[in-house]
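# Structural description and commentary
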Amino acid sequence: MSAPAKLTIDIYSDVMCPWCVIGFSQLTKGLEQLSGEIEAEVRWLPFELNPDMPAEGEGQEEHIARKYNRTPEQAAANRAQLLSIGERAGYSFAYSGEGDPPKAMMWNTFAAHKLLKWALIEGGAEVQTRLKRALFDAHFQQRRKIGDPEVLADIAASVGLDRAGALAATQDEALGAIVRREEAAAWDMNISGVPAMIVNGKFLIPGAQEPETYAQVLRKVAVKEGLVV
């Protein structure tokens, strides 16, 4: 039996994006369908949905009303739909902390993107993905202050990364320059929404798709790349 074809999948994503965690959950299911046939190394690239978000953040309800001109009733209906889609994809957006849930907030994610880039350099793609998952959980399930470098360092430590190194990464100007270049590259490719997955550096899969769609596209890419016949 031949070895599985190997692909790379670079995902432009923001920690604040619920569709990104849904898309990744569906991609994971799609890759499970390809077990023994195709293996993929997943890496995360930066995309800020709200690059001008102030350090103090903004309430989620207020943000949605202001940015998308939605009424509270519309926002509630959309959130209920999102919860249902998340559950179907295998990810819960329900609060899982102790006590009454804190207010849902939106945060500036530039420091988080620097941390993710550092995690890739420091530990590789699997470590970066562990951190990305932890950041998703911290935001959507635990409602932690993702814009706070100390919180980010704690989350990094929870997945086995060096806390002091992680804290330094959130302040690192060189990492910030890398993040800005990668964000600019997304705009150069006309990527204006996330998730956006780039397979083997050239094939774009936009948005959150069904697992079967991911599996079909990855099979086609493997054939086009001459990795399978």
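Structural notes, computed from the coordinates. (Residues numbered from 1 in each chain as written. Predicted model: local features only at pLDDT ≥ 70, side-chain atom pairs only at ≥ 80, totals over all residues. Heavy atoms only, no water.)

### What to know about the overall build of the protein chain
Across its full length, the protein chain holds nine helices and six strands. The C-alpha radius of gyration of the protein chain comes to 18 Å, within 12% of the 17 Å expected for a compact globule of 229 residues. By its C-alpha atoms, the protein chain is 55 × 40 × 35 Å across when sized along the principal axes. In the protein chain, buried positions account for 47% of the 229 residues. Within the protein chain, residue pairs in contact and separated by at least 24 positions form 76% of the contacts whose partners lie at least 6 positions apart. On the protein chain, roughly 11,500 Å² of surface is accessible, and the fraction owed to carbon and sulfur atoms is 52%. Computing the positive centroid from 24 side-chain charges and the negative centroid from 31, the protein chain places the two 4 Å apart. (Helix = DSSP H or I, 4+ residues; strand = E, 2+ residues; numbered from the N terminus. Rg over C-alpha atoms; globule rule 2.2 N^0.38 Å. Buried < 20%, exposed > 50% of the residue type's maximum accessible area, 1.4 Å probe, protein only. Contact = heavy atoms within 4.5 Å. Areas by Shrake-Rupley, 256 points an atom, 1.4 Å probe, with all protein chains shown as cover. Lys, Arg positive; Asp, Glu negative; His and termini not counted. Charge placed at Lys NZ, Arg CZ, Asp CG, Glu CD.)

### Concerning the environment of Gly-90
Mapping Gly-90 onto the fold places it in the loop between helix 3 (72–89) and strand 4 (105–106). Remark: the alpha-carbon pair of Gly-90 and Ile-22, spanning 68 residues in sequence, is separated by 8.0 Å.

### Things to note about the packing of helix 1 (residues 18–33) against helix 9 (residues 211–224)
Closest axis-to-axis distance for the helix 1/helix 9 pair is 7 Å, and the angle between their directions is 60°. Classed by the angle they form, the pair helix 1 and helix 9 counts as oblique. Of the two possible hands of crossing, helix 1 and helix 9 adopt the one that is right-handed. Here helix 1 contributes Gly-23, Gln-26, Leu-27, Lys-29, Gly-30, Leu-31 and Gln-33 to the contact with helix 9, which in turn contributes Pro-211, Glu-212, Tyr-214, Ala-215, Leu-218 and Arg-219. Its residues placed into classes, the contact of helix 1 with helix 9 shows six nonpolar, four polar and three charged. (Axes fitted to C-alpha atoms, helices over the stretch in contact; angles between N-to-C directions. Parallel < 35°, antiparallel > 145°, perpendicular 65-115°, else oblique. Left-handed = near helix turned anticlockwise from the far one by under 90°. Nonpolar A, V, L, I, M, F, W, Y, C, P; charged D, E, K, R; others polar.)

### Describing the sheet that holds strand 5 (residues 196–199)
One key point about sheets: their strands pair by backbone hydrogen bonds, in either a parallel or an antiparallel sense. Reading across the sheet, the four strands line up as 2-1-5-6 and stay open at both edges, with mixed pairing between neighbours. In the strand order of this sheet, the two ends are held by strand 2 (38–46) and strand 6 (203–206), each with one partner. Adjacent strand axes in the sheet meet at a mean angle of 25°, parallel and antiparallel pairs treated alike. Bridge analysis of strand 1 (residues 5–13) against strand 5 gives four bridges, and the strand direction is antiparallel. Within the sheet, the bridge partner assigned to Ile-9 lies in strand 5 and is Val-199. With respect to the sheet, helix 9 is in contact with strand 1, strand 2, strand 5 and strand 6, its orientation differing from that of strand 1 by roughly 125°. (Pairing = 2+ DSSP bridges.)

### Some thoughts on the environment of Gly-193
On the secondary structure map, Gly-193 appears in the loop between helix 8 (173–188) and strand 5. For the pair formed by Gly-193 and Ser-92, sequence separation is 101 residues and the distance between their alpha carbons is 22 Å.

### Details of the nonpolar core
Of all hydrophobic cores here, the largest spans 38 residues; its most connected members are Ile-9, Ile-11, Tyr-12, Leu-27 and Leu-218. Counting residues per element, the ones that place at least two in this core are strand 1, helix 1, strand 2, helix 3, helix 5 (125–140), strand 5 and helix 9. Of the residues forming this core, the biggest block, six residues, is contributed by helix 1. Among residues more than four places away in sequence, those in contact with Ile-11 are Phe-24, Leu-27, Val-42, Arg-43, Trp-44, Leu-45, Pro-195, Ala-196 and Met-197. (Core = buried A, V, L, I, M, F, W, Y, C linked by side-chain atoms within 4.5 Å.)

### Regarding helix 2 (residues 60–68)
Considered for burial, the residues of helix 2 that qualify are Gln-60, His-63 and Ile-64. What you see down the axis of helix 2 is that its buried residues fit within an arc of 95°, all on one side. Projecting away from the buried face of helix 2 at angles above 90 degrees are the exposed residues Glu-61 and Arg-66. Those residues of helix 2 that are buried lie in contact with strand 3 (58–59), helix 3 and strand 4. In the segment just after helix 2, Asn-69 is the residue with positive phi, at about 55°. (Arc of directions from axis to C-beta.)

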